[in-house]
Amino acid sequence: MNEVRVLSASGQIGSGFLESSFARGIELKPHVIGCDGGSTDSGPAHLGSGKPHFSREGTKRDLKLMLQGRNRINVPLIVGSCGFGGGDDGVDWMRDIALEIAREEGLKFRLALVRSEQDKAYLKKRLKEGRITPLNPAPPISDDVIDRSSHIVGMMGHEPLADAIEHGAQVILAGRASDTSLFATVPLMKGTGAGPAWHAAKILECGTACVVQRKRPDSIMAWVRDDHFDVEPMDMDVHCTPQSVASHTLYENADPFLITEPDGTVDTHGARYEALNDRAVRVRGSQFHRAERGTIKLEGAEFGGYQAIIIGGVREPFIIRQLDSWLQAMKEKFVPRVHEMFDGRLGPDDYDIHVRVYGRDGVMGKLEPLAHQVGHEVGLLFTITSAEEGTTDAIAKTFAHFALHYPIPEWRGLISGIAFPMAPAYVNRGPVYRFNLNHVVTPDTPLEMFRTEYLEV
Amino acid sequence: MAKLGDLARLIRSKNAGPFTLTFDVMFESDNAYQAVLAANVLTKASFAKLYNVPKDEVLFFAHDTAKAIKISIPRPYVQGDRDDGDAYGGQQHAPLVEIEVPA
């Protein structure tokens, strides 16, 4: 029987795993080691700025153990979505860490760097051809949106990874890649069933997120065969049950039965989960429906200005009972102050002041069913945004003082209506970004949007 | 009368990408799962009403093997945009915890 063993080192490179769990995985002789390195989950700042989410120290520790483990058994190591956003900066960052480890530890390997950042002229051509289509929901797309994006990545499937392995790559550091592709590539290359390969990959991609009680990020292994796969966490104190494994297709996924991949859809409607023992689970009946035309999902982020924040609280009952009109009036009355401060060069459309009210609807916004209930105090989070860093700083400084003393009709005399927990009251947070794409491209081939470079390390 | 939060093993919300929000209501036992389904207190319509979103935007799933009810909606604000107060989408499930389930 065809069996391909796939070791997932951890849910995210840089978040850690137990050395003992990973070592046990290596002893079981996997055919490939994989680890995801990114996500959109913590917001647009990583893709937009190209800055990593996890520390260099934590990432280096994890990558070193993976490179040493790989070296021991000479199998491919695939790390995807390097640097978190998966842009070219992220691949370069991970490459430099890998080269440093290789030097320090005396490791040799053939390295493939698979970059996924997109050429804007290529995207505009595909847009014109009608070969970029929106997912639901999606913001509007145009040449202008493409031009003003600071980074756009395409999410690669298994094909560019398989191509790199066919070209002799022993270590692959990939840009943005679908989490599942990292783990499905080698089983698919070795001819296991596509349904089990993709479903196992979905279970593996978050490391030990599919166990009953996750203690920490850690290593997990799948045995992928023709018509089923088995999955078992590498820490002997951690358990998978049929329910815990079945539940994992719910996580971060809109539909718990169907998972869309670049070249098709994983269908778990018919999946049956069986306990092999108190730690391992067998899954049969997963299907993969190949799409007629493969699609590559785009992720884009654009610069949204420079931002400062002001945190404050209000306890005074007279202010709380007229909170919205008080906040609205202070913003309106602030307009002429900005006008005079900038000598008429800055109008109300040149900056944005937004306030979030904690204790009312600060967490849920328009989804909050209890927005009419306000307690005895509220927290205020002001965000001040403009195109220039200096402008944002000047407005934030001035507005904090202006808001502090903004009057209410009930009191005669100067009030101080906001409790600031910090001095100065404002914090500059630098550039901010926003996601601006939720679209797919229909390329001619699954490789054309990705660029591979080989290095002999 | 019990609350949904007392019957479930886990109620959570999370992003499913930057444009979608998803809610999982997961049970330990088949009894609790089936009882909540049968009570009809968590449906596409009741969710739409509680969260004040159009019913046709609500995806509703019952997953028997996972003993879980899953609901997905478009995010009210794109993740990380100015108006978004929950980058991971992890605190949007709170109203579900308080749903009353008749015995």
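Keep in mind that what you see is a predicted model, and the values were worked out from it rather than measured. (Residues numbered from 1 in each chain as written. Chains lettered and ligands numbered in written order. Predicted model: local features only at pLDDT ≥ 70, side-chain atom pairs only at ≥ 80, totals over all residues. Heavy atoms only, no water.)

Caption draft 1: Just a nonpolar patch on the surface, in detail. Residue and element names in this part refer to chain A. On the surface, I311, M422 and V427 cluster together into a nonpolar patch covering about 230 Å² of accessible area. The residue I311 is located in strand β15 (residues 296–314) in this model. Assessed through its relative accessible area of 34%, I311 is described here as partly exposed. (Patch = residues over 30% accessible without salt bridge, like charges linked within 9 Å, V, L, I, M, F, W, Y side chains within 5 Å. Areas by Shrake-Rupley, 256 points an atom, 1.4 Å probe, with all protein chains shown as cover. Salt bridge = Lys/Arg side-chain N within 4 Å of Asp/Glu carboxyl O. Helix = DSSP H or I, 4+ residues; strand = E, 2+ residues; numbered from the N terminus. Buried < 20%, exposed > 50% of the residue type's maximum accessible area, 1.4 Å probe, protein only.)

Caption draft 2: Expanded view of the sheet that holds strand β4 (residues 59–63) of chain B. All names here are of chain B. The four strands are arranged β2-β3-β5-β4 in an open sheet whose pairing can be described as antiparallel. Strand pairing shows two members of the sheet lacking a second neighbour, β2 (10–15) and β4, which therefore form its edges. In this sheet, adjacent strand axes meet at a mean angle of 15 degrees when their direction is disregarded. This element, helix α2 (residues 30–39), spans β4 and β5 (68–74) of the sheet and lies at about 50 degrees to β5. (Pairing = 2+ DSSP bridges. Axes fitted to C-alpha atoms, helices over the stretch in contact; angles between N-to-C directions. Contact = heavy atoms within 4.5 Å.)

Caption draft 3: Representation of the pairing of β15(A) in the model. All names here are of chain A. Within β15, 14 of the 19 residues are buried, leaving the element largely enclosed by the surrounding structure. Here β15 pairs with strand β19 (residues 439–441) via three bridges, running antiparallel. What sits directly across from L298, in β19, is H439. Bridge analysis of β15 against strand β18 (residues 426–435) gives eight bridges, and the strand direction is antiparallel. Residue pairing for β18: A301 is matched across the bridge by F435. The pairing of β15 with strand β17 (residues 378–386) spans nine bridges and is antiparallel.

Caption draft 4: The arrangement of the interface of chain B and chain A in detail. Tallying the contact residues gives 45 residues for chain B and 38 residues for chain A. Across the interface of chain B and chain A, roughly 3,400 Å² is buried in total on both sides, 59% from carbon and sulfur atoms. Contact with chain A buries surface across chain B, with B:F19, B:H63 and B:R82 losing the most and accounting together for 19% of the total. Our enumeration of links across chain B and chain A arrives at three salt bridges. At the junction of chain B and chain A, the tally comes to 20 residue pairs in polar contact (both at pLDDT 80 or more). Split by residue class, the side of chain B that touches chain A holds 21 nonpolar, 12 polar and 12 charged. (Buried area = accessible area lost by both parts, 1.4 Å probe. Polar contact = N/O pair within 3.5 Å; in protein donor to acceptor, adjacent residues only side chain to side chain. Nonpolar A, V, L, I, M, F, W, Y, C, P; charged D, E, K, R; others polar.)

Caption draft 5: Summary view of the sheet that holds strand β20 (residues 451–456) of chain A. Residue and element names in this part refer to chain A. With mixed pairing, the 10 strands of this open sheet are ordered in space as β12-β13-β9-β8-β1-β2-β3-β7-β4-β20. Bordering the open sheet on either side are β12 (272–275) and β20, each of which pairs with just one other strand. Strand-to-strand twist across the sheet, computed as the mean angle between neighbouring axes with direction ignored, equals 20 degrees. Both strand β2 (residues 32–38) and strand β3 (residues 77–84) contribute to a ladder of five bridges, which runs parallel. Looking at β3, one finds that I33 is bridged to L77. Of the strands in this sheet, β1 (4–8), β2, β8 (220–224) and β9 (228–233) touch helix α1 (residues 19–27), which is tilted by about 165 degrees from β1. Set on the sheet, helix α4 (residues 88–105) makes contact with β3, β4 (110–115), β7 (171–174) and β20; between it and β4 the angle comes to about 165 degrees.

Caption draft 6: The arrangement of the pattern of salt bridges in detail. This structure, assessed with the given rule, holds 45 salt bridges over all chains. Between A:D144 and A:R148 there is a salt bridge, with its nearest N and O atoms 3.0 Å apart. Separated by four residues within a single helix, A:D144 and A:R148 lie in helix α6 (residues 143–148), roughly one turn from each other. We classify A:D144 as partly exposed; its relative accessible area is 47%. Across the pair B:D83 and B:R82 runs a salt bridge, and its minimum N-O distance is 3.1 Å. For B:R82, a relative accessible area of 40% gives the class partly exposed. Sharing partners across several salt bridges, the network here consists of A:K125, A:R126, A:E129, A:R131, A:D444 and A:E448.

Caption draft 7: Layout of the packing of aromatic side chains. Residues and elements named next belong to chain A. Following the criterion strictly, the structure yields 16 aromatic pairs over all chains and no others. For the ring pair F334 and F399, a centre distance of 5.0 Å and an interplane angle of 75 degrees mean the geometry is edge-to-face. Here F399 lies in helix α13 (residues 389–404) and F334 lies in helix α12 (residues 323–341), a separation of 65 residues in the sequence. The residues F334 and F399 share a single accessibility class, namely buried. Joined through ring pairs, the aromatic side chains of F334, Y351, F382, F399, F402 and Y406 make up one cluster. One cation-aromatic arrangement involves R61 over F17; the distance from NZ or CZ to the ring centre is 5.0 Å. (Phe/Tyr/Trp six-rings, centres within 6.5 Å; stacked < 30°, edge-to-face > 60°. Lys NZ or Arg CZ within 6 Å of the ring centre and 35° of its normal.)

Read these as spatial facts, not as claims about activity.
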